[in-house]
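Residue strings, one per chain:
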Amino acid sequence: MKRLLLSLALANLLPYTAFAGETPVAPNISFDQLLSHLTAAPAETAVIPEPSAERAAYSPEEAGRYWVTVEAADKRARTRLLEAGLDIVEINKDSVSGVAGAYTLGQLSSKAFTVLSKTTLAQRAFSVTKDFPAGDAAYHNFRETTDLLREMAAKNPDIASLFSIGKTVEGRDIWCLRINSGAKGTAVSAKPGALYIGNHHAREHLSNEVPLLLAAWLLEHRNDADIKTYINGLDIYIIPMLNPDGAENDIKTGSYQYYRKNMSVNADKSRGVDLNRNYDSWWCEAGASNYPGADTYCGPKAFSEPESQAVKKFIEARRNLKTHISYHSYASEILYPWGGSDADVPSVKDRQVFEKVGAEMGKLTGYRSYKSSEMYVATGDSCDWAYAAAGIFAFTFELEGRGFYPGAAIITGAVARNIKAAVYLLSVTDNPYKAI
Ligand SMILES: [Zn+2]
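Residues numbered from 1 in each chain as written. Predicted model: local features only at pLDDT ≥ 70, side-chain atom pairs only at ≥ 80, totals over all residues.

Engineer: Explain the overall build of the chain to me, please; I cannot follow it from the model alone.
Structural biologist: Secondary structure assignment for the chain yields 13 helices and 12 strands. For the chain, the proportion of contacts with a sequence separation of at least 24, taken over those separated by at least 6, is 75%. (Helix = DSSP H or I, 4+ residues; strand = E, 2+ residues; numbered from the N terminus. Contact = placed C-beta atoms within 7 Å.)

Engineer: Can you walk me through the sheet that holds strand S4 (residues 115-120) in this structure?
Structural biologist: Note: strands within a sheet are paired through backbone hydrogen bonds, in either parallel or antiparallel orientation. Reading across from one edge, S2-S3-S1-S4 is the order of the 4 strands in this open sheet, with antiparallel pairing throughout. Unpaired on one side and paired on the other, strand S2 (87-91) and S4 mark the two borders of the sheet. Here the average twist between neighbouring strands, direction ignored, is 25°. Pairing analysis gives 6 bridges linking strand S1 (residues 66-71) to strand S3 (residues 95-100), with the strands arranged antiparallel. Residue pairing for S3: Val-70 is matched across the bridge by Val-96. In the packing of helix H3 (residues 75-83) onto the sheet, the strands contacted are S1, S2 and S3, and the crossing angle to S2 comes to about 150°. Against the sheet, helix H4 (residues 102-110) contacts S1, S3 and S4, and its axis sits at roughly 145° relative to S3. (Pairing = 2+ DSSP bridges. Axes fitted to C-alpha atoms, helices over the stretch in contact; angles between N-to-C directions.)

Engineer: Explanation requested: the environment of Val-188 in the structure shown.
Structural biologist: Mapped onto the secondary structure, Val-188 falls in the loop between strand S6 (173-179) and strand S7 (193-198). A C-alpha to C-alpha distance of 9.4 Å links Val-188 and Arg-319, two positions 131 residues apart in sequence.

Engineer: What is the right way to look at the sheet that holds strand S10 (residues 333-336) in this model?
Structural biologist: As summarised here, the arrangement of the 8 strands in space is S5-S6-S8-S7-S9-S12-S10-S11, forming an open sheet in which the pairing is mixed. The open sheet has two free edges, formed respectively by strand S5 (160-167) and strand S11 (368-371), since each of these has just one partner strand. Neighbour to neighbour, the strand axes of the sheet diverge by 20° on average, direction disregarded. The pairing of S7 with strand S8 (residues 235-239) spans 5 bridges and is parallel. Bridge pairing links Gly-193 to Asp-235 in S8. Its contacts with the sheet place helix H6 (residues 142-155) against S5 and S6, and it is angled at close to 145° to S5.

Engineer: What is the right way to look at the packing of helix H7 (residues 206-220) against helix H13 (residues 411-429) in this model?
Structural biologist: A pair of packed helices can be characterised by two numbers: the angle between their axes and the separation between those axes. Interaxial distance between H7 and H13 falls to 9 Å at its minimum, and their mutual angle equals 60°. Considering their axes alone, H7 and H13 lie oblique with respect to each other. The chirality of how H7 crosses H13 is right-handed. Counting all contacts with H7, which are made through Leu-206, Glu-209, Val-210, Leu-213, Leu-214 and Trp-217, the residues of H13 involved are Ile-411, Ala-414, Val-415, Asn-418, Ile-419 and Ala-422. Considering only residue class, the contact of H7 with H13 consists of 10 nonpolar, 1 polar and 1 charged. (Parallel < 35°, antiparallel > 145°, perpendicular 65-115°, else oblique. Left-handed = near helix turned anticlockwise from the far one by under 90°. Nonpolar A, V, L, I, M, F, W, Y, C, P; charged D, E, K, R; others polar.)

Written as structure tokens, this is what we have:
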């Protein structure tokens, strides 16, 4: 990966404004320019502004929601907390921290959990974000993501195509950029396939940036010998923003909402289903909540949501898919099946592939790789489903960072590290078993 490092070191320092506010996309955008933009001074239009210390009032979405730390010594305790509706964000040795609304707070007391501390999300936003660099405009909102994907496809018509895999609850397109030298759009391909998805969870904005910029990097480096081989031999799909409704909702007021779910209106009028609890893999059996207002709400049934349904149809229609990364944030971890069961996957060979490929990607990112259910058991997970239903070697990446809103300065390094891992995955996609 010397080439990547060199490329990053030589990042073009020309002024670049293609993604600032309403400025049209530059005709000759390059990956290096993108990166230099990400590290440049903030644009005049703050697309994802940092929560302001001067803010007088907090949004209704934040009202009544808390950042709590609860005693939890092992994964059984963590799984029970997920079922109580707690959105576990940080795991410590004897406790976890995360987001809870009124219902979950009630559960925590009625079920005799030990709540160690509790602070409103608004207070936490204040304390966490006061040191942020004022550069979050570099993150791509839905319109900018769409524009950039269109630009990539338009500039590389021989190998790239863009199509929608379905519509969200609010009618936005779920865009998929395909890189394949022999097939366009939804045409079938016999080449082994790799799939990268970001943004199951609304506020995990870095999980959109990584696959989006991975696509830009692959196209920029399309003539490198190894990348050329992958583009000719593989069928590569990149869906950076699976949950654009949620992502837009998270930034719509100018203050971050800590919003996780999609935008479904539930039976009790609460909003949102946790898309990564909605897949049909031990659906809602453990580590998920039946309560619609909870952050870990699994939905009224498996695949009840248009976004998860779109992924289901996409994967079922493409039996050539072999490998997959689903990006989340944050923990610096690589997780593989099962997440919904304590058991190992039954095939010893497959388990070895997960361990080996996960470990290799761990070396390239500095992330820790392990079986997902070692952290806690959570059912309805996309990667469990993709492996069980389609035999895809599917990895969940919890990207780096010390919060959901780590600022724009983190993007360049996270993207660079994760390109290495994503390209390694391409190198084994023709036959993942060759890794062992
Ligand atoms: Zn997530």
